Amino acid sequence: MSVRVRFAPSPTGFLHIGGLRTALYNYLFARHHGGACILRIEDTDQTRFVEGAEENIIDISRWAGMEFDESPEKGGPHGPYRQSERTKLYRQYADELLANDMAYRAFDTSEELEAMRERQKNAGIAAKYDRTVMRSEYTLGPDETKRLLDQGADCCIRLKVPVSGEIRFNDIVRGEVIVNARDVDDQILLKSDGFPTYHLANVVDDHLMEISHVIRGEEWLPSTPKHVLLYQAFGWDMPTFAHLPLLLNEDRSKMSKRFGDVFAKSFREKGFFADALVNFVALLGWNPTSDREIFSMQELIDLFTLEKVNKAGAIFDTKKLEWMNAQYLRNANPESLLPQLQVILHEHDIEISDERAKDILTLLRERITFLNEIPGFGAYMFSDDYVIDEEYKAKHWTAESSAIISSLLPLMKGLEEFNHIAINDTIGAFTKENGITSKLFIHPLRMIITGKPVGAGLYETMEMLGKEVCIRRIERFLSEEGTR
RNA sequence: GGUCCCAUCGACUAAUGGUUAGGUCACCACCCUUUCAAGGUGGCAGUACGGGUUCGAAUCCCGUUGGGAUCACCA
């Protein structure tokens, strides 16, 4: 049987980082086995629909390097891939269940249900729909049921869960899971608005779309028995389940907005590379080995197996993600980063050649984590109008600094080749001869030329800036300093 | 609270009965060095607890504790 998996988000908001990981594991598994990865939009809740959510899911997936084989926008042999466009189907299957006495109608209002739960709570028993007491077709009887139906009363369809026995299923990451049927609620399958709930739609679609493996978050584990029951009620083969460990906040609760930005797009906006984010997130809950951290998408695909997925949830550590991003920044081919860098520079009204952008990138990338730090971190690379760090200046600009820097100026002016080796040799020889220690002139020079205490090698930086710019900045500073 | 799931350094994890319990992030120190980084070297730090099974347990079993998920006409 061929591998067919699906990522089935509901368009209720921007794609969550946990969703991205679920999508990724599905994608890796499919590609590893040469199977298909399908995107199915589960938009059966009319009230929670969010405009643009579906676009965001597709956009982010593509950014992350995942291309679905079948999807709402692309189509495919099992479409439509949006559940709201498949409602007739679910109605049909619900009717089939009704006909086989595997499901039944219920007419309770939300107030009645609320009251039921209240009673159960007070009695200290588990909240669970009781079809022998509530307004189900069993208590109402066929005549009253028909009367209500004819009258057009609101009615939902519930799964008739066996009163006893065990429900078992196998999960690749969890092993065998066993639940008592008596603990399973008579799940609503079809809402009174005619839309299916997740459970019905999901099972029907997974069957119809010939899904072989259901790979989803652990939050679905408690409702899987209901899905098992549904497969049995329809007489369908079950897919293989794999429930992924949750992504956690630092307090070990399920990762949520409360602890910061959890939308995948926020990570893109912050400047994380898609490759780095994918790499990082892939390693949260799965690990192919222990002596490596950096993997390309293709390597992840080659190595991925569900058997190696962990059971325990994983805390999302942004620090490590940042480290990984910095790794990607340093190890990338500079050429490949130029398009992104130019976009960033352009946003800051900086227009320079690719050649120069590449040189600057190569010089600065070792000290930053994000590409988008370049305009700020390297402000002095693009303009004479940069801020001088007052603390740095206060610390290193001493009484004799002016004289020292002034004495270096003619040496620089005299350089034919203004490269870091020549600058180093010339200044080095002079200062050594005159007994000037390096910190007496290095810091003042750096302060004048870059404004800040951090940065690439000073002489390399000066070379990059060029003779003219360096001399201009020094003279400007000296004259401003002299007039104080 | 019911049900289910889970448990190795602070974090991510490796070790699928035999290792001085390994790696990475973070942190600390040192080296390198014109700053800051990067890089290098070293360090800190863990099998939740208690019982079994076994010659031998992080690993298998039971219990305890702790954490989490879930209990909607949401997904």
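For clarity, every value in this text was computed on a predicted model and none was experimentally measured. Along each chain, residues carry numbers from 1 onward, in the same order as the chain's sequence is written. Each chain gets a letter, beginning with A, and each ligand a number, beginning with 1, in the order they are written. It should be noted that, the model being predicted, local features are given only for residues of pLDDT at least 70 and side-chain atom pairs only at 80 or more, the latter also being counted only at that level, while totals for whole chains, interfaces and linings use all residues. As a rule here, side-chain values come from all non-hydrogen atoms in the structure, and water together with hydrogens is ignored.

Take the overall build of chain A next. Numbering of helices and strands starts at the N terminus; helices are DSSP runs of H or I of at least 4 residues and strands are runs of E of at least 2. In terms of regular secondary structure, chain A is built from 21 helices and 11 strands. For chain A, whose C-alpha radius of gyration is 32 Å, the value lies well above the compact-globule estimate of 23 Å for 484 residues. Over its C-alpha atoms, taken along the principal directions, chain A stretches across nearly 110 × 45 × 35 Å. Here chain A holds 484 residues, and 49% of them are scored as buried. Contacts are assigned to residue pairs with any non-hydrogen atoms lying within 4.5 Å of each other. Expressed as a percentage of contacts within chain A between residues at least 6 apart in sequence, the contacts between residues at least 24 apart total 73%. Working definition of accessibility: Shrake-Rupley area with a 1.4 Å probe, residue cover restricted to the visible protein chains. Accessible surface, chain A: about 23200 Å² in total, of which carbon and sulfur atoms supply 50%. Each radius of gyration is computed over the set of C-alpha atoms, and the globule rule expresses the reference value as 2.2 Å times the number of residues to the power 0.38. For every residue, the accessible area (1.4 Å probe, protein chains only) is compared with the maximum for its type, and the residue is labelled buried under 20%, exposed over 50%, or partly exposed between those bounds.

We place a 1 Å grid over just the protein atoms. Points where a 1.4 Å probe fits but has no way out form a cavity, open points with protein on both sides within 12 Å along at least 5 of 7 lines form a pocket, and any residue with an atom within 4 Å of a point lines it. Grid points are joined across faces, edges and corners, and a volume is the space filled by probe spheres set on the points. Its boundaries defined by the atoms lining it, the largest pocket holds a volume of some 1100 Å³. For the largest pocket, the lining is made up of 41 residues, of which P9, S10, T12, E219 and W220 are closest to its centre. Secondary-structure elements contributing two or more residues to the lining of the largest pocket are β1 (4-7), α1 (17-32) and β8 (213-217). For the lining of the largest pocket, the element with the most residues is α1, which contributes five residues. Residues are grouped as follows: nonpolar covers Ala, Val, Leu, Ile, Met, Phe, Trp, Tyr, Cys and Pro; charged covers Asp, Glu, Lys and Arg; every other residue, Gly included, is treated as polar. When the residues that make up the lining of the largest pocket are grouped by side-chain class, the tally is 18 nonpolar, 11 polar and 12 charged. Empty space within the second largest pocket amounts to approximately 340 Å³.

Moving on: the sheet that holds strand β3 (residues 103-106). Here, any two strands with at least 2 DSSP bridges between them count as paired. Taking strand neighbours across the sheet as the criterion, the three strands line up as β3-β4-β7 in an open arrangement whose pairing is antiparallel. If you trace the sheet from one side to the other, it starts and ends with β3 and β7 (188-190), each paired once. Direction aside, the axes of adjacent strands within the sheet are offset by 45° on average. Axis geometry follows a simple rule: fit a line to the C-alpha atoms, using only the stretch in contact for helices, then measure angles between N-to-C directions, giving values from 0 to 180 degrees.

Attention shifts here to helix α18 (residues 420-433). By this rule, a helix spans an expected 1.5 Å times one less than how many residues it contains. Between its first and last C-alpha, α18 extends 20 Å over 14 residues, near the 20 Å set by a 1.5 Å rise per residue. All of the buried residues in α18 are A422, I423, I427 and T431. All buried residues of α18 project into a common sector of 140° when viewed along the axis, lining one side. Summarising the geometry of α18, the exposed residues directed more than 90 degrees from the buried face are I421, K432 and E433. Positive phi appears at G435, one or two residues downstream of α18, with a value of about 65°. Within this analysis, the arc is defined by the directions that extend from the helix axis to the C-beta atoms.

Rolled over the atoms, a probe with the dimensions of a water molecule shows which regions are left empty. Scanning all chains against the criterion turns up one cavity of 30 Å³ or more. The volume enclosed by the largest cavity comes to roughly 70 Å³. As for the largest cavity, its lining consists of L39, I58, S61, R62, M66, E67, F68, S71, E73 and K74. Considering only residue class, the lining of the largest cavity consists of four nonpolar, two polar and four charged.

Below, the discussion takes up the protein's contact with RNA strand B. Around RNA strand B, a shell composed of 61 residues is seen, among which R174, K191, G285, R367 and P453 lie nearest. Taken together, the sugar and phosphate atoms account for 74% of what RNA strand B places within 4 Å of the protein. Here a polar contact means two N or O atoms within 3.5 Å. Within protein one must be a hydrogen donor candidate and the other an acceptor candidate, and residues neighboring in sequence count only if both atoms are side-chain atoms. Within the contact set of RNA strand B, a sugar or linking oxygen lies 3.2 Å away from a side-chain nitrogen or oxygen of E293. Residue assignment for the surface near RNA strand B shows that the elements contributing at least two residues are α4 (110-123), β6 (175-180), β11 (314-315), α11 (318-331), α19 (438-450) and α20 (458-465). Broken down by element, the residue count for the surface near RNA strand B peaks at five residues, all from α11. Of the residues that constitute the surface near RNA strand B, the class distribution is 23 nonpolar, 14 polar and 24 charged. For each residue, the test is whether any non-hydrogen atom lies within 4 Å of the molecule or strand; if one does, the residue is near.

This brings us to the nonpolar core. Where a protein is soluble and globular, its nonpolar side chains tend to be buried together. The biggest cluster of nonpolar side chains holds 104 residues, and the ones touching the most others in it are I17, L20, F316, L371, L445, M462 and I474. The element contributing the most residues to this core is α1, with nine residues. In this view, F316 contacts I17, L248, M255, F267, F280, V281, L284 and L321; residues no more than four positions away in its chain are not counted. What we call a nonpolar core is a set of buried Ala, Val, Leu, Ile, Met, Phe, Trp, Tyr and Cys residues that are connected through their side-chain atoms within 4.5 Å. In terms of nonpolar packing, the next biggest core, distinct from the first, is built from 34 residues, I167, A201, L221 and F234 among them.

A few words on the pairing of strand β4 (residues 156-159). The two faces of β4 match: C156 and R158 on one face and I157 and L159 on the other face are all buried. When β3 meets β4, the two strands line up antiparallel, connected through four bridges. Across the sheet, residue Y104 finds its bridge partner in β4, namely R158. In terms of strand pairing, β4 meets β7 through two bridges, oriented antiparallel. The residue of β7 that forms the bridge with I157 is L190.

Okay, the packing of α1 against helix α9 (residues 274-282) next. Across the interface, α1 lies against α9 with an axial gap of 10 Å and an inter-helix angle of 80°. By the criterion of interaxial angle, the relationship of α1 to α9 is roughly perpendicular. Counting all contacts with α1, which are made through I17, L20, R21, L24 and Y25, the residues of α9 involved are L277, V278, V281 and A282. Taken together, the residues of the contact of α1 with α9 sort by class into eight nonpolar, no polar and one charged. An angle below 35 degrees is treated as roughly parallel, one above 145 as roughly antiparallel, one from 65 to 115 as roughly perpendicular, and anything else as oblique.

These results come straight from atomic positions and should not be treated as a statement about function.
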